[in-house]
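Architecture at a glance
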Amino acid sequence: MKEKVLKYLKEQKEYVSGEQISKKLGVTRASIWKIINKLKEEGYMIESSTKKGYKLMEVPNIITKEEVQSIIKTQCLGKNINYFSEIDSTNEIVKKLARKGEAEGTIVIADKQTAGKGRLGRVWESPSGVNIFMSILLRPQIKPDKASQITLIVGLAMCEAIREVTGLDARIKWPNDIVVNGKKVCGILTEMSAEIDCVNYVVVGIGVNVNQMEFSENLPHATSLKIEGGKEYQRGNIISVFFDKFESYYMAYKTDITLEPILPAYKTYCITLADKVKIIDSIQEYIAEPVDVLADGSLVVKNEEGEEKRIFTGEVSVRGIYGYV
Ligand code: ADP
């Protein structure tokens with residue numbers, strides 16, 4: 001009921017009486033009063049006047065279940081939201097939910113992670129109150145070797161969402177990091193459970209540095225939207241715009257299982273194609289010139305001997321030759 005009251009308050013331009021809300025939503029005025037007080041405790045600025053009723057004046061920068069539910073506009077993804085103020089890793093929780101049979105589109109959002117994960121067992125710095133930590137459960141009917149393609153779709157949707165909400169020149173570092181001014185603002189970690197020829201489920205974890213102002217010394221390549229844009233951004237807005245974009249790309253992808261439709265936009269924002277890169281895999285490191293991103297998600301590069309190679313996401317890192325990008 002809390003999310004319904006919140007949504008209703010957000011829709012009103014003028015004051016609305018407790019009686020009106022209770023009639024509209026079919027609950028007692030006493031429960032409305034209780035809910036309004038709860039919302040105030042969470043930081044919503046709701047003006048109440050005995051004569052006129054209630055008016056929502058200001059929304060706090062939080063990403064609770066009710067807040068996200070009140071702004072998300074999707075049809076299928078992000079409808080079932082699980083929120084934690086603190087959790088070890090959102091990907092781990094989604095995996096547990098997946099094993100219990102939860103439906104596609106279920107999401108887990110946390111305000112803070114105590115064991116946030118990056119790729120290849122790395123750690124994702126996840127302090128409270130400032131960033132987005134979110135994982136999505138997907139159940140695409142695809143072969144396991146295709147699962148990493150979803151990472152590129154998520155990357156594009158988040159890059160576009162950041163651009164739209166902040167106006168910053170966000171770019172994609174192939175395959176899936178989002179950078180602003182050459183520094184990382186978002187990381188994406190895709191994990192899956194699969195049989196030899198079919199995927200059981202895919203978990204996509206997304207970490208966005210939204211309003212964090214300082215990073216650990218060992219993260220010289222990290223930045224946040226607030227550091228780059230000079231102002232604070234509503235985390236909920238980014239989540240909502242992201243889901244708008246991601247849902248339409250993902251639904252189209254599930255029909256044809258190809259990245260073809262998103263490739264032009266992906267390449268427009270892909271900063272990796274702009275300059276020479278250093279490819280680091282488990283056996284070697286070499287400098288190469290990026291040539292293209294293909295519809296299967298691979299990166300085509302030309303090495304210094306002029307040979308073209310296709311690089312697949314996974315056990316490989318791509319860096320700029322002088323810095324992170
Ligand atoms: P890669 O940059 O090789 O693709 P990952 O996507 O796995 O690496 O991200 C994990 C790495 O990102 C960590 O090893 C660390 O260097 C860096 N990192 C950790 N937390 C953050 C953060 N909050 N923001 C930006 N970078 C981070």
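For every chain, the first residue of its written sequence is number 1, and the numbers climb from 1 along that sequence. Local features in this predicted model are restricted to residues whose pLDDT is 70 or higher, and side-chain atom pairs enter the listing and the counts only when it is 80 or higher, whereas totals over whole chains, interfaces and linings include all residues. Based on all heavy atoms of the structure, the side-chain values leave hydrogens and waters out of the count.

1. Observations concerning the domain arrangement of the protein
Where interface size is quoted, it is often the accessible area lost as the parts come together. The domain boundaries here were taken from an automatic or database domain assignment. Partitioning the protein into structural domains gives domain 1 (2–58), domain 2 (65–269) and domain 3 (273–318). Taking only C-alpha atoms into account, the centre of domain 1 sits 55 Å from that of domain 3.

2. What about the site of the ligand?
Nearness is defined per residue: one heavy atom within 4 Å of the molecule or strand is enough. What surrounds the ligand is a group of 14 residues, the closest being Arg119, Arg122, Glu125, Lys184 and Asn209. One nitrogen or oxygen atom from the main chain of glutamate 125 is found 2.9 Å from a nitrogen atom belonging to the ligand. Under the rule applied, a polar contact is a pair of N or O atoms within 3.5 Å (in protein, one hydrogen donor and one hydrogen acceptor; residues adjacent in sequence only if both atoms are side-chain atoms). Within the contact set of the ligand, an oxygen atom lies 3.0 Å away from a side-chain nitrogen or oxygen of lysine 184. Any residue outside Ala, Val, Leu, Ile, Met, Phe, Trp, Tyr, Cys, Pro, Asp, Glu, Lys and Arg is labelled polar, Gly included; the first ten of those are nonpolar and the last four are charged. Looking at the shell around the ligand residue by residue, the classes come out as five nonpolar, three polar and six charged.

3. Examining the sheet that holds strand β3 (residues 81–84)
Across the sheet, seven strands lie side by side as β3-β4-β5-β9-β8-β7-β6; this open sheet has mixed pairing. Edge positions in the sheet fall to β3 and β6 (171–173), since each has one partner strand and no second. Within the sheet, the average angular offset between the axes of one strand and its neighbour, ignoring direction, is 20°. In this sheet, strand β9 (residues 199–208) lies alongside strand β8 (residues 183–194) in antiparallel orientation, the contact comprising nine bridges. Directly across from leucine 189, in β9, lies its bridge partner glycine 205. Each pair of strands is called paired provided DSSP finds at least two bridges between the two strands. The numbering of helices and of strands both runs from the N terminus, where a helix is a DSSP run of H or I of at least 4 residues and a strand a run of E of at least 2. To obtain an axis, a line is fitted to C-alpha atoms, over the contacting stretch when the element is a helix, and the angle between two such axes runs from 0 to 180 degrees between their N-to-C directions.

4. Comments concerning the nonpolar core
Core analysis: the biggest nonpolar cluster contains 64 residues, and Met158, Ile206, Leu225, Phe242 and Phe246 have the highest contact counts within it. The two domains that each donate at least three residues to this core are domain 2 (65–269) and domain 3 (273–318). When sequence neighbours within four positions are dropped, the list of residues in contact with leucine 225 reads Ile162, Thr166, Leu168, Val180, Val185, Val208, Asn209, Val210, Gly230, Lys231, Tyr233 and Ile238. With 15 residues, the next largest nonpolar core counts Val16, Ile32, Ile36 and Ile46 among its residues. Buried residues of nine kinds, namely Ala, Val, Leu, Ile, Met, Phe, Trp, Tyr and Cys, make up a nonpolar core once their side-chain atoms join them within 4.5 Å. Buried, partly exposed and exposed residues are distinguished by accessible area as a fraction of the type maximum, computed with a 1.4 Å probe on protein chains only: under 20%, between the cut-offs, and over 50%, respectively. The contact criterion used throughout is that any non-hydrogen atoms of two residues lie within 4.5 Å.

5. Brief notes about the sheet that holds strand β13 (residues 308–311)
Pairing is antiparallel in the open sheet, where five strands are placed in the order β13-β12-β11-β10-β14. A strand with exactly one partner marks an edge of an open sheet, and here the two such strands are β13 and β14 (317–320). Neighbour-to-neighbour, the strand axes of the sheet open up by a mean angle of 45°, direction not taken into account. The pairing of strand β11 (residues 285–293) with strand β12 (residues 299–303) spans five bridges and is antiparallel. Looking across to β12, one finds that aspartate 292 is bridged to valine 300.

6. Concerning helix α3 (residues 29–41)
Multiplying one less than the number of residues by 1.5 Å gives the expected span of a helix. Helix length check: α3 (13 residues) gives 18 Å between terminal C-alpha atoms against 18 Å at 1.5 Å per residue, within 8%. Among the residues making up α3, those that are buried are Ile32, Ile35, Ile36 and Leu39. Along the axis of α3, the buried positions cluster into a sector of 100°, meaning they face one direction only. Turned more than 90 degrees away from the buried face of α3 sit Ala30, Trp33, Lys34 and Glu41, all of them exposed. In this context, the arc is that of the directions from the helix axis out to the C-beta atoms.

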